[in-house]
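Structure assessment
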Amino acid sequence: MELAPFDAIDLLILSASVPLADAVCATACGCWSDAADLWFLISENPRYRVIATECGFEAAVLAGEFDLAEYFLVQNRHLADSGVFTEPRWIELGTLKASRKRLFLRTVDRARIDGRPASIAELIELRLFKRAIHQIFADGSYRRKLGASARWLAQCYSGLGYHASLIALRARHPLALATPDFMKRCEEAGRLETMRTTATPQIFAHFLNMHPAGAKLSALLEGHDFSRSCVDREA
């Protein structure tokens, strides 16, 4: 599909009220934890609430931020009950993912009751990446199991979309991350981090054309005064 041009909108003006350009770029570049937080901020704005709850839920589920995912899901159901158009197929898919993760969480809770804390590998399997990162450093694993810890951290940074952290980790522990899987993750992280920091207008255009929520965002932006001519009039 040929991408539509996106030269008519000044992203600085657009993001003056909400960090929309940052949220879109974080989503398009797979920075899931950052995207979830940004969409949460945007969801406070009634104008963007629908798209923020949908995109925020997607990002939160993928980042393993299940409390935030539940918040977005409740907000989306409230909007649907109020007669606002939602995406039933997408929401159903997300609900199934969240339900599967909750089942894993109950498994971990039972292990805790039995006196066995969840292992780092189990936390990563549950996509509880931030908890896993904390445990890697808190229990001394990073010092005792340097190679394994580097691989665990790489999985966490990759899952959260912390591309810069993953790139730095590879530079520090190249041998531990020399497997084809980790090399592929690091290469993708480098590509996405470069794209995120250098090509915001192109990323925004790609989101509008390719993401399931792109058409909704296009409709919101049409006819509103975000054009570059605003700068000329204010000068």
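Residues numbered from 1 in each chain as written. Predicted model: local features only at pLDDT ≥ 70, side-chain atom pairs only at ≥ 80, totals over all residues. Heavy atoms only, no water.

Turning next to the overall build of the protein chain. Of regular secondary structure, the protein chain possesses 15 helices and zero strands. Among the 235 residues that make up the protein chain, the fraction classed as buried is 44%. Intrachain contacts of the protein chain at a sequence separation of at least 6 include 62% that bridge at least 24 residues. Per element, the accessible surface of the protein chain, about 12,600 Å² overall, is 57% carbon and sulfur. (Helix = DSSP H or I, 4+ residues; strand = E, 2+ residues; numbered from the N terminus. Buried < 20%, exposed > 50% of the residue type's maximum accessible area, 1.4 Å probe, protein only. Contact = heavy atoms within 4.5 Å. Areas by Shrake-Rupley, 256 points an atom, 1.4 Å probe, with all protein chains shown as cover.)

Glancing now at the pattern of salt bridges. Once their charged atoms are close, side chains differing in charge can pair, the charge on each being opposite to the other. As enumerated under the stated definition, the model contains five salt bridges in all. One salt bridge connects E54 with K216, and the closest N-O pair in it is separated by 2.5 Å. On the criterion of sequence distance, the pair formed by E54 in helix α4 (residues 49-63) and K216 in helix α14 (residues 214-221) is long-range, its members being 162 residues apart. Between R196 and E193 there is a salt bridge, with its nearest N and O atoms 2.8 Å apart. (Salt bridge = Lys/Arg side-chain N within 4 Å of Asp/Glu carboxyl O.)

A few words on the confidence of the model for the protein chain. When pLDDT is averaged along the protein chain, the result is 81, and 86% of the positions lie at 70 or above. Across residues 1-8, confidence stays below pLDDT 50; counting only partners more than four residues off in sequence or on other chains, it has 18 contacts. Scored below 50 in pLDDT, residues 227-235 shows 13 contacts in the model against residues more than four places distant or in partner chains. (pLDDT = per-residue confidence, 0-100.)

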